[in-house]
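Residue strings, one per chain:
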Amino acid sequence: MGANDIDPNNGTTPRFVSRGFTGRARRPPSARLPPGQYDVGTGFPVLSAGPTPNTHLSSWDFTVQGLVDRVRHYSWAEFRALPREPVQVDIHCVTSWSKFDTRWEGVSVDTLLADVESEAEYALAFSDGGYTTNLPLADLTGGRAWIVDTYDGAPLRPEHGGPARLLVPHLYFWKSAKWVRGLVLGEVEELGFWERFGYHRYGDPWRQQRYAGD
Ligand SMILES: Nc1nc2c(c(=O)[nH]1)N[C@H]1C(S)=C(S)[C@@H](COP(=O)(O)O)O[C@H]1N2
Ligand SMILES: [Mo]
């Protein structure tokens, strides 16, 4: 896929595919491929709806805003000083490639939200360039989501979302917003960029939640 492809599905996945019967619980431990996915191997496709933004680290910050007791801003230096952890996970793109054992490093979203008081149920992640994606707040906590700035031991390359991207590997990879700059917390679920185009509001790859209605 080229850098400017707009449809994350890109016509490569049949719109109507029969659903597998394997829910997460019944899946044998060896089966790492969600239904309808293939193992892309050593490749790492780039999927971006638009050009790669170029944000200087001096003007980069990460903001937690919306329904919060007070807005949090982390400069790049403040972000880099937070406790960090390595993450090794499988990722699953809705265009049907999956990639096993990707290695990242970054800050758990739990860390960023640790002292935030909020009644919010939902989050909208927003990025340089205007991309957004919505998630239940619960899916960003509990050690399941990170803001990562390192891939395979090196600074995350711009085309893959550097300086920093969201990583939410248990959902389709469009939820892992590249060039992420913050979260807006809220009581109601505001749909993000692909979700407004008809992609599923939640996007569980094990339940093949590719499109609204799946
Ligand atoms: N800001 C932004 N984040 C984004 C996208 C995008 O177009 N813009 N594409 C999403 C989609 S559809 C996928 S599959 C992954 C692709 O990440 P990669 O290019 O590092 O493989 O980023 C997701 N995050
Ligand atoms: Mo995607």
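How each quantity is defined
Residues numbered from 1 in each chain as written. Chains lettered and ligands numbered in written order. Predicted model: local features only at pLDDT ≥ 70, side-chain atom pairs only at ≥ 80, totals over all residues. Heavy atoms only, no water. Helix = DSSP H or I, 4+ residues; strand = E, 2+ residues; numbered from the N terminus. Buried < 20%, exposed > 50% of the residue type's maximum accessible area, 1.4 Å probe, protein only. Pairing = 2+ DSSP bridges. Axes fitted to C-alpha atoms, helices over the stretch in contact; angles between N-to-C directions. Near = heavy atom within 4 Å. Polar contact = N/O pair within 3.5 Å; in protein donor to acceptor, adjacent residues only side chain to side chain. Nonpolar A, V, L, I, M, F, W, Y, C, P; charged D, E, K, R; others polar. Contact = heavy atoms within 4.5 Å.

The protein chain is annotated in an unreviewed UniProt entry as TMAO/DMSO reductase from Occultella aeris.

## Topic: unusual backbone geometry
Across the junction of Gly162 and Pro163, the peptide omega takes the value 20°, indicating a cis bond. Turning to its location among the elements, Pro163 is positioned in the loop between β9 (154-155) and β10 (165-167). Of note in the backbone geometry, Asp101 takes a positive phi value of approximately 55° without being a glycine. Locating Asp101 in the fold gives a position in strand β5 (residues 97-108). Given the relative accessible area of 38%, Asp101 is considered partly exposed. Even without glycine at this site, Gln208 takes up a positive phi of about 45°. Following the sequence through the fold, Gln208 ends up in the segment after α4 (193-196).

## Here's the deal with the pairing of strand β4 (residues 85-92)
Regular strands show a simple pattern: their side chains alternate between the two faces of the sheet. Relative to β5, β4 runs antiparallel, the two being bridged by seven bridges. Bridge assignment links Pro86 to a residue of β5, and that residue is Glu105. With antiparallel pairing between neighbouring strands as the criterion, β4 and β5 make up a hairpin whose turn holds four residues, including Ser96 at a positive phi of roughly 100°.

## Side note on the sheet that holds strand β3 (residues 72-75)
Across the sheet, which stays open at both edges, the five strands sit in the order β3-β2-β11-β6-β7 with mixed pairing between neighbours. Only two strands of the sheet have a single partner each, and these edge strands are β3 and β7 (132-136). In this sheet, adjacent strand axes meet at a mean angle of 15° when their direction is disregarded. Bridge count for strand β2 (residues 61-66) against strand β11 (residues 180-186) is four bridges, and the pairing is parallel. By the bridge assignment for β11, Gln65 is matched with Val184.

## A few points about the site of ligand 1
In the neighbourhood of ligand 1, 20 residues make up the surrounding shell, with Pro45, Ala49, His160, Arg165 and Lys178 lying closest. Here a nitrogen atom of ligand 1 sits 3.1 Å away from a polar atom, N or O, in the main chain of Ser176. Within the side chain of Lys178, an N or O atom sits 2.6 Å from an oxygen atom of ligand 1. For the shell around ligand 1, a count of residues per class yields 13 nonpolar, four polar and three charged.

## Considerations on the side chain of Asp204
Inspection of the secondary structure assignment puts Asp204 in the segment after α4. Of the polar contacts made by the side chain of Asp204, one reaches the backbone nitrogen of Trp206; its length is 2.9 Å. Those residues in contact with Asp204, other than ones at most four positions away along the chain, are His170, Leu171, Tyr172 and Gln209.

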